[in-house]
Amino acid sequence: MTPTDASPPGLPESAQRPVLFTDLDDTLFQTARKMTEPVCASRLAAEATNGHHSYMTVSQAAMTAWLLKATCLVPVTARSTEALSRCRIPFDSWKIASNGAVILSPDGKIERDWSHHISRLSGEAEAGLEALNAETAKHNAVERFRHWIVREEGRPIYFCVKSNGEEAWLDDLEGFLRTLAGEQFVYHRNGNNLSFTPQGISKRAAVAHLIDIRSEIRHGIILAMGDSLTDLPFMQLANMMMIPPASQVASAIGKE
Ligand SMILES: [Mg+2]
C-alpha cells in the first residue's frame, strides 16, 4: 500500500506526510553540559528558567529542519506545557506534554476529552504525589536536590527530582521513593531525572488517544523517536522506531 493509498481521500497534501511522534530532551537537543561540541546561540533549542539552556548540535539542527519539512512533527515530552512553550523549534501540529497528561491541538487548545480523563487520574494520585514530595523534602536538608510536582491546569500530574550535584546522588533517594510509590506510579530514571508518574498517565496513552481520534494520523504512516526506556511504549505504536545512538535505549540494547 502506498502512502497515498493509505490516506483518506480529500486531505491536503500536508496531511499525507508521515507523522513523527518525537521525544525532545536528549533526542532532538540537550543541555549545554551534555553537548559534544561548542554551543552556538543560533542553535538554541529551549530556554531554561535557571539559565541552563538546551541546544542542538549541527547535525541535530540539520535533521530537525529536514524533519519539519518532511514530516508532521509531534513532540511527545515530559515537559510541562509551560516548559514546552520555551522550546524554540517551530512545532505547528499537535503536541503532547507532561508525560502525556496534556494534548494540545495545532491551534494550541487543550483536547478536552483527554483533559477530563486525566483529571480523574490526577485526583486519584494526588495524595501519593504529595507524599513523594514531602518525603523527599525530609531527605533534603542541605538542598542536594530540587524536586517538585509538575502541574497542569492546577492539577498535580507527576513528581520529579533532579540532583544539584552528582547524578549518582539520586541513588540515595531512589530506593525509598520506589518503595513509597509502590505499584501506583511508573518510575523513570535516566541521567539526572528521577520521576514518578501515576499509572494511566503516559506518553503511550496520549499518543494512542490522538491516533484514535484523528483518522488522518491513523490511516497514514507513523514514525516515532526517543532516547529513554520509558519512551519505548509510545514508540511501539509507530510503524518504525528511531533512537539516538548515544542514549539509554541504545545502551540497553548494547548490553544484550
Ligand atoms: Mg528524552
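Rules used throughout
Within each chain, residues carry numbers counting from 1 in the order of the written sequence. Residue-level local features of this predicted model are given only where pLDDT is at least 70; pairs of side-chain atoms are given and counted only at 80 or more, and the full residue set underlies all totals for whole chains, interfaces and linings. For side-chain calculations, the full set of non-hydrogen atoms in the structure is used, while hydrogens and water are omitted. Sites may look incomplete because water is not among the atoms; the donors themselves are N, O and S atoms within 2.8 Å of the metal, or within 3.2 Å for Na, K and Ca. When accessible area is computed with a 1.4 Å probe and restricted to protein chains, residues below 20% of their type maximum are described as buried, those above 50% as exposed, and intermediate ones as partly exposed. Salt bridge, as applied in this entry: a Lys or Arg side-chain nitrogen positioned within 4 Å of an Asp or Glu carboxyl oxygen. Per the convention used, a helix needs a DSSP run of H or I reaching at least four residues, while a strand needs a run of E reaching at least two, with both numbered from the N terminus. A pair of strands is labelled paired if DSSP reports no fewer than 2 bridges between them. An automatic or database domain assignment is the source of the domain bounds shown. We call two residues in contact when some of their heavy atoms are within 4.5 Å. When two parts are put together, the accessible area they lose, computed with a 1.4 Å probe and summed over both, is reported as buried area. Interaxial angle, 0 to 180 degrees, is taken between N-to-C directions of lines fitted to C-alpha atoms, where a helix line uses only the stretch in contact. What sets the label is the angle itself: under 35 degrees gives roughly parallel, over 145 gives roughly antiparallel, 65 to 115 gives roughly perpendicular, and the rest give oblique. The crossing is said to be left-handed when, going from far helix to near helix, the turn is anticlockwise and less than a right angle, and right-handed when the turn is clockwise. Ten residues, namely Ala, Val, Leu, Ile, Met, Phe, Trp, Tyr, Cys and Pro, are considered nonpolar, four, namely Asp, Glu, Lys and Arg, are considered charged, and the remaining ones, Gly among them, are considered polar.

If you look the protein chain up in an unreviewed UniProt entry, it shows as HAD hydrolase family protein from Vreelandella azerica.

Trainee: I would appreciate a short explanation of the coordination of the magnesium ion in the present structure.
Mentor: Any two of four tetrahedral donors ideally make an angle of 109.5 degrees at the metal, while pairs among six octahedral donors ideally make 90 or 180 degrees. The protein atoms donating to the magnesium ion are Asp 23 (OD), Asp 25 (O) and Asp 227 (OD), with metal-donor distances spanning 2.1 to 2.2 Å. On the accessibility criterion, Asp 23 (5% relative accessible area) is buried.

Trainee: Explanation requested: the pattern of salt bridges in the structure shown.
Mentor: A side chain with one charge may pair with a side chain of the opposite charge, provided their charged atoms come close. Using the criterion set out here, one finds 19 salt bridges in the structure. Between Glu 82 and Arg 86 there is a salt bridge, with its nearest N and O atoms 2.8 Å apart. Classification of Glu 82 as partly exposed rests on a relative accessible area of 43%. Linking Arg 120 and Glu 124 is a salt bridge whose minimum nitrogen-to-oxygen distance equals 3.1 Å. You can see Arg 120 and its partner Glu 124 sitting in helix 4 (residues 112–138), 4 residues apart, about one turn around the helix. A cluster of three or more residues bridged by salt bridges with shared partners is formed by Asp 171, Glu 174, Arg 178 and Arg 189.

Trainee: Just checking my understanding: could you explain the environment of His 116 for this structure?
Mentor: One can find His 116 in helix 4. For His 116, a relative accessible area of 52% puts it in the exposed group. Here the alpha-carbon distance between His 116 and Pro 198, two residues 82 residues apart in the chain, equals 15 Å.

Trainee: Could you clarify how one ought to interpret the pairing of strand 5 (residues 72–75) in this entry?
Mentor: Looking along a regular strand, one sees side chains alternate from face to face of the sheet. Residues Cys 72 and Val 74 of strand 5 are buried on one face, and the alternating residues Leu 73 and Pro 75, pointing to the opposite face, are buried as well. Sheet analysis places strand 1 (residues 19–22) next to strand 5, joined by 4 bridges and oriented parallel. Looking across to strand 5, one finds that Leu 20 is bridged to Leu 73.

Trainee: Even after reading the chapter, I still don't get the domain arrangement of the protein chain, so can you show me in this structure?
Mentor: Interface size, as often reported, equals the accessible area lost upon joining of the parts. Partitioning the protein chain into structural domains gives domain 1 (3–112 + 202–254) and domain 2 (116–198). The C-alpha centroid of domain 2 is placed 24 Å from the C-alpha centroid of domain 1. Taken together, the contact between domain 1 and domain 2 spans 17 residues of the former and 15 residues of the latter. At the boundary of domain 1 with domain 2, total buried surface from both sides reaches about 1,300 Å², with 39% on carbon and sulfur atoms. In this structure, the connection of domain 1 to domain 2 is made through 2 salt bridges. We note a salt bridge from Glu 153 to Arg 112, for which the minimum N-O separation is 3.1 Å.

Trainee: Can you walk me through the packing of helix 4 against helix 5 (residues 171–181) in this structure?
Mentor: The angle between the axes and the distance between the axes are what describe a pair of packed helices. Two elements in contact, helix 4 and helix 5, have axes separated by 10 Å at closest approach and are oriented at 155°. Accordingly, the angle class assigned to the pair helix 4 and helix 5 is roughly antiparallel. Crossing handedness for the pair helix 4 and helix 5: right-handed. Across the interface between the two elements, Ala 131, Leu 132, Glu 135 and Thr 136 from helix 4 touch Leu 173, Phe 176, Leu 177, Leu 180 and Ala 181 from helix 5. Residue classes in the contact of helix 4 with helix 5 are distributed as 7 nonpolar, 1 polar and 1 charged.

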